Amino acid sequence: MPTIQHLPEAYKRFYAVVSFSLLTAFSASFAQQNDFEKFVAERNQKFAKFESEARQRYEDFRNKANADFADFMQRKWAAVKTQPAIPAPSIPEPPVPVIKDPDDNAPIQTESLPIANINPLEPLLPQPEPPIPIIEPSLRQSPTFSFQFYNTPCKVRLAGSQRFSLPNVNEETVANVWRSMGSDQMDETLLDCLVLRNNLLLGDWGYIALVRILSESFFGKPCSEAVLLQMYLLTHSGYKVRLARVENQLVLLAAFSETFYEYSFIAQGSDRFYILDTHAPHSGYYMFDYAFPNEMMPSLQQENLPVLMYQPTKSRTFTSFKYPAVKISLSPNRNLIDFFNDYPLISQWQYYVSASLSDEIKEVLYPMLQTQLAGKTQKESVSILLDFVQTAFEYKTDDEQFGYERPLFGDETFFYPYSDCEDRAILFSILVRELVGLDVVLLLYPEHLATAVKFTEAMPTGSYFPLEDGSYVICDPTYIHAGVGECMPQFRGMGATIIRI
């Protein structure tokens, strides 16, 4: 059963305002009240009345929104043209990383490097929330439904009697079923889904996946009924999603704030509604394009990694070349790897950095690294992390390892046998930010991704980028054996795009 501690922030603010208002009124009343039992009875009566009125307001809103939605749903859906999936960009990378002679101790030249462009820090978008706070229905023993989300046990209040059938997917049939879905029972399901979103630290992509897996598990297979249930739960959670019909089946569409690859989409104005079922037909779509109240566009930002049941993979050992005491054996979570495999391909490398590493990796890796960094200067600490990322991992391009361009989350770099410049830049950025506490930027070249670090102690000698908030010294996790401040020779005169993270 959800508690107020588990609810989204909008709910907490809602209950806080209610509690404060009632407490203020009750305190004034109590000063004049000699009979404590009478006071308690009056307080409970007032709160029950307030809760009942709030519940009625929510039900009125839900019923009207669903009725209006169904009325439009019953109208003829428009034929729409699908757009082909945008292919993942191919980034030509050097077939082998540049390797510097580890015995080369020549002095490092200090110079300012050219800047081609600066991409500002993207603010973290708030997650969609229900258009009006949902009041918990009256307490009762409701049947529950259990399912597995990437092998993580989950449970929501959902009764077998709530299963429905769609004999066809024409406008009238779908609208009539939609009218029947709004109920206290469905509110319980919705609340439990939102609690799971919070407890599992799911971003928008993860929440949409949770609702899909729940719906398909409930109906026993992917089907139009499961899609309609997803549509109901997501619209009432505040997400900008749409329904479409193709070859007598329903398909879910979602308008994301980012461009991602390998998914066909339907363009509506400035929005791209991605067809989330990659096995769906590529043409012949009829779309129901009507906005549920106060909908918000989902994002692929991942502030945290999902909390999934730990299923260890085969352990791998990673050892630094220059600092052999920096050695660790790690077993990434198989369930997280599977989640990443379903995550869309995007070019926003900063998203991979902001997601950080899983607790399972941090609990093993960070104590060892913190021990090695203890008492070291900022330059010494960054040098240790730089050599670890440069030399503890084997290099291959994405095309060689996967056959297509694919950035890796930090945990994935410890799972797959090879990594490239993007993966190393992502991992190095996470380690420096979280273990040394320094700001880092990504450096995008036509054929390469590197990093630069802003030192707050005396700036080390070497190549740097003068930015408005200070100088960032280049640290290249793919220039093997190169130290802090050393730029790959082929990029020294080439302008880099600075990506804030």
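The present account deals with the structure reproduced in this document. (Residues numbered from 1 in each chain as written. Predicted model: local features only at pLDDT ≥ 70, side-chain atom pairs only at ≥ 80, totals over all residues. Heavy atoms only, no water.)

1. Quick word on the overall build of the chain
Our working definition: In this text, helices come from DSSP runs of H or I with a minimum length of four residues, and strands from runs of E with a minimum of two, each type numbered from the N-terminal end. With a 1.4 Å probe rolled over the protein chains alone, any residue whose accessible area is under 20% of its type maximum counts as buried; one over 50% counts as exposed, and the rest are partly exposed. Contacts are assigned to residue pairs that have any heavy atoms within 4.5 Å of one another. Computed by Shrake-Rupley with a 1.4 Å probe, the accessible areas treat only the displayed protein chains as cover when residues are assessed.
Broken down by element type, the chain carries 13 helices and 19 strands. In the chain, which comprises 501 residues, the proportion classed as buried is 53%. Within the chain, contacts between residues separated by at least 24 positions form 72% of all contacts whose residues are at least 6 apart in sequence. With the model as given, the accessible surface of the chain reaches about 22,200 Å², and the carbon-plus-sulfur share is 52%.

2. Some remarks on the sheet that holds strand 17 (residues 463–467)
In plain terms, the rule: In this scheme, strands are said to pair when DSSP sees at least two bridges between them. To get an axis, fit a line to the C-alpha atoms, keeping to the stretch in contact for a helix; angles then go from 0 to 180 degrees between the N-to-C directions.
Here we have seven strands laid out as an open sheet, ordered 2-17-18-16-15-19-3, and mixed in their pairing. A single partner strand is all that each edge strand has here, and the edge strands are strand 2 (111–112) and strand 3 (115–119). In this sheet, strand 18 (residues 470–475) lies alongside strand 17 in antiparallel orientation, the contact comprising four bridges. Bridge pairing links Tyr464 to Val473 in strand 18. Contacts from helix 13 (residues 421–436) reach strand 15 (439–445), strand 16 (448–454) and strand 18, with the element oriented near 15° to strand 16.

3. A closer look at the nonpolar core
What counts is decided by this rule: To form a nonpolar core, buried Ala, Val, Leu, Ile, Met, Phe, Trp, Tyr and Cys residues must be joined to one another through side-chain atoms within 4.5 Å.
Ranked by internal contacts, the top residues of the largest apolar core, which has 123 residues, are Phe149, Leu365, Phe388 and Leu431. The residues contacting Phe388, other than those within four sequence positions of it, are Phe318, Ser320, Val326, Ile328, Leu365, Phe393, Phe414 and Leu431. Formed by 17 residues, the second largest nonpolar core is a distinct cluster that contains Leu443, Phe465, Tyr472 and Ile474.

4. Focus: the packing of helix 5 (residues 204–219) against helix 6 (residues 224–236)
Between two packed helices, the angle of one axis relative to the other and the distance separating the axes together describe the packing. This is how it is decided: Working rule for angles: under 35 degrees goes down as roughly parallel, over 145 as roughly antiparallel, 65 to 115 as roughly perpendicular, anything else as oblique. Should the near helix be turned anticlockwise from the far one by less than a right angle, the crossing is left-handed, and should it be turned clockwise, the crossing is right-handed. The classification used treats Ala, Val, Leu, Ile, Met, Phe, Trp, Tyr, Cys and Pro as nonpolar, Asp, Glu, Lys and Arg as charged, and all other residues, Gly among them, as polar.
Close contact between helix 5 and helix 6 brings their axes to 9 Å; oriented N to C, the two are set at 140°. Between helix 5 and helix 6, the angle falls in the class oblique. Once helix 5 is placed against helix 6, the crossing between them reads as right-handed. Packed against helix 5, whose contacting residues are Tyr207, Ile208, Val211, Arg212, Leu214, Ser215, Glu216, Phe218 and Phe219, the element helix 6 presents Glu225, Ala226, Leu229, Gln230, Leu233 and Leu234 at the interface. Taken together, the residues of the contact of helix 5 with helix 6 sort by class into 10 nonpolar, two polar and three charged.

5. With respect to the packing of helix 9 (residues 359–373) against helix 10 (residues 378–391)
Close contact between helix 9 and helix 10 brings their axes to 9 Å; oriented N to C, the two are set at 135°. Classified by the interaxial angle, the pair formed by helix 9 and helix 10 is oblique. Judged by the twist between their axes, the crossing of helix 9 over helix 10 is right-handed. When helix 9 is examined against helix 10, the residues Leu365, Leu369, Gln372 and Leu373 are found in contact with a partner set consisting of Ser381, Ile384, Leu385 and Phe388. Considering only residue class, the contact of helix 9 with helix 10 consists of six nonpolar, two polar and no charged.

6. Comments concerning the sheet that holds strand 7 (residues 249–255)
With antiparallel pairing, the six strands of this open sheet are ordered in space as 1-10-6-7-9-8. Strand pairing shows two members of the sheet lacking a second neighbour, strand 1 (78–80) and strand 8 (265–268), which therefore form its edges. This sheet shows a mean twist of 35° between the axes of neighbouring strands, independent of strand direction. With four bridges joining them, strand 8 and strand 9 (residues 271–275) adopt antiparallel strand pairing. Directly across from Ile266, in strand 9, lies its bridge partner Phe273.

7. Thoughts on unusual backbone geometry
Phi at Asn248 is positive, roughly 60°, even though this residue is not glycine. Looking at the element boundaries, Asn248 is found in the loop between strand 6 (241–246) and strand 7. A residue is classified by how much of its surface remains accessible, and Asn248, at 54% relative accessible area, is exposed.

8. Regarding the side chain of Ser299
Among the structural elements, Ser299 can be located in the loop between strand 10 (285–288) and strand 11 (316–319). Assessed through its relative accessible area of 3%, Ser299 is described here as buried. Excluding residues within four positions of it along the chain, Ser299 makes contact with Leu125, Asp204, Trp205, Phe256, Ser257, Glu258 and Tyr351.

9. Overview of the environment of Gln162
With respect to the element layout, Gln162 can be found in the loop between strand 5 (152–157) and helix 3 (171–181). On the basis of relative accessible area, Gln162 is assigned to the buried category, the value being 12%. Note: C-alpha distance between Gln162 and Gln185 (23 residues apart in sequence) is 8.2 Å. Residues contacting Gln162, with those up to four places away along its chain left out, are Gln185, Met186, Thr189 and Phe218.

10. Considering the packing of aromatic side chains
How we decide: Only Phe, Tyr and Trp rings take part, Trp by its six-membered ring, and two of them pair if their centres are within 6.5 Å. Stacked means planes under 30 degrees apart, edge-to-face means over 60, and tilted covers everything else. Note on geometry: a ring has a charge over it if NZ (lysine) or CZ (arginine) is within 6 Å of the ring centre and within 35 degrees of the ring normal.
Applying the stated criterion to the full structure yields 35 aromatic pairs. Ring geometry for Phe288 against Tyr290: centres 6.2 Å apart, planes inclined by 25°, an arrangement best described as stacked. An aromatic cluster of three or more residues is present, and its members are Phe69, Phe72, Trp77, Trp178, Tyr232, Phe288, Tyr290 and Phe292. Directly above the ring of Phe72 sits Arg75, whose terminal nitrogen or CZ lies 4.2 Å from the centroid. Here the basic side chain of Arg163 rests over the ring of Phe218, its NZ or CZ set 4.2 Å away from the ring centre.

11. Observations concerning the side chain of Gln390
The following threshold applies: In protein, a polar contact requires one atom able to donate a hydrogen and another able to accept it; more generally it is a pair of N or O atoms within 3.5 Å, and residues adjacent in sequence count only if both atoms are side-chain atoms.
Position of Gln390 among the secondary structure elements: in helix 10. By relative accessible area, which is 2% here, Gln390 ends up buried. Polar contacts involving the side chain of Gln390 include one to the main-chain carbonyl oxygen of Tyr479, which spans 2.9 Å. Once you skip the residues sitting within four places of it in the chain, Gln390 turns out to touch Arg424, Asp476, Pro477, Tyr479, Ile480, His481 and Ala482.

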